[in-house]
Amino acid sequence: MDENIVWHNYAVDKTQRSKLKGHKPCILWFTGFSGSGKSTVANALEHALQEQGIHTYLLDGDNVRHGLCKDLGFSDEDRVENIRRVGELSKLMVDAGLMVLTAFISPFQAERDMVRSLVQSDEFIEVYLDTPLEVCEQRDPKGLYKKARAGEIKHFTGIDSTYEPPINPEICLNTAEQSLAESVQQLINYLESKNIIG
């Protein structure tokens, strides 16, 4: 790092920002195959949290690639950089006192662990959408699996690119067996049990 760049300490810190919002900040990191339900569950959870007065922000993989990460492709290297950027942004949002919901395939354990290391141990909640690949492929909401099987998309997770399931996630959801309402309630129950909300 350039020696002329010096960290500037703020007069207002994370504790004060969180107190103003009335809840603890954290990252809910949704990971899983395309079509597993990450964006759908995160979106429904954010809506439920908003109704409780919780200050949130949802970062969605596709949306982020329209701006912050629009210069990145889908090679392993670009996927790593994509998650690094989102992790740093999420860290800033936690510092702002927000509850950040992130919906990213994020296929590599090392990158998810890297994001976890950016915040305090109780501020990162890994949510694994443990929905079987065959179910995700049957859903194929964007038609991406069909394109990947036809060779039109390269480096597609689950087809010709690796997905490393979380080793010890805080929460597992299987949207093939759980309703959307059940998934959201499981997440809210967890947040309440950890005194993050409630």
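Thresholds, definitions, all that
Residues numbered from 1 in each chain as written. Predicted model: local features only at pLDDT ≥ 70, side-chain atom pairs only at ≥ 80, totals over all residues. Heavy atoms only, no water. UniProt positions renumbered as here; feature names shortened; annotations may be inferred. 1 Å grid on protein atoms, 1.4 Å probe; cavity = no way out; pocket = protein on both sides within 12 Å on 5 of 7 lines; lining within 4 Å. Helix = DSSP H or I, 4+ residues; strand = E, 2+ residues; numbered from the N terminus. Contact = heavy atoms within 4.5 Å. Core = buried A, V, L, I, M, F, W, Y, C linked by side-chain atoms within 4.5 Å. Buried < 20%, exposed > 50% of the residue type's maximum accessible area, 1.4 Å probe, protein only. Axes fitted to C-alpha atoms, helices over the stretch in contact; angles between N-to-C directions. Parallel < 35°, antiparallel > 145°, perpendicular 65-115°, else oblique. Left-handed = near helix turned anticlockwise from the far one by under 90°. Nonpolar A, V, L, I, M, F, W, Y, C, P; charged D, E, K, R; others polar.

- By the naming in an unreviewed UniProt entry, the protein goes by Adenylyl-sulfate kinase and is assigned to Pseudoalteromonas piscicida.
- The Function (unreviewed entry) field of the UniProt record for the protein holds the comment "Catalyzes the synthesis of activated sulfate."

### Re the UniProt feature "binding site: ATP" (unreviewed entry) in the protein
Okay, so step 1: Following the UniProt record, the feature "binding site: ATP" (unreviewed entry) maps to Gly32, Phe33, Ser34, Gly35, Ser36, Gly37, Lys38 and Ser39 here. Annotated residues from the preceding list that form part of the lining of the largest pocket: these are Ser34, Gly35, Ser36, Gly37, Lys38 and Ser39.
Okay, so step 2: If you trace the backbone, Gly32 turns up in the loop between β1 (26-31) and α2 (38-51).
Okay, so step 3: When neighbours within four sequence positions are excluded, Gly32 is seen to be in contact with Lys38, Phe104, Ile105, Leu129 and Tyr163.
Okay, so step 4: Within the element layout of this structure, Ser39 appears in helix α2.

### Thoughts on the nonpolar core
Okay, so step 1: Counting 24 residues, the largest nonpolar core has Leu28, Phe30, Leu45, Met99, Ile125 and Val127 as the members making the most contacts within it.
Okay, so step 2: Counting residues per element, the ones that place at least two in this core are β1, α2, β3 (99-103), β4 (124-129), β5 (171-173) and α8 (180-193).
Okay, so step 3: Not counting chain neighbours up to four residues away, the residues in contact with Leu45 comprise Leu28, Phe30, Leu101, Val184, Leu187 and Ile188.

### Brief notes about the packing of α2 against α8
Okay, so step 1: Between α2 and α8, whose axes approach to 9 Å, the crossing angle comes to 60°. It follows from the interaxial angle that α2 and α8 lie oblique. Of the two possible hands of crossing, α2 and α8 adopt the one that is right-handed. Packed against α2, whose contacting residues are Thr40, Val41, Ala44, Leu45, Ala48 and Leu49, the element α8 presents Leu180, Ser183, Val184, Leu187, Ile188 and Leu191 at the interface.
Okay, so step 2: Class assignment of the residues belonging to the contact of α2 with α8 gives a composition of 10 nonpolar, two polar and no charged.

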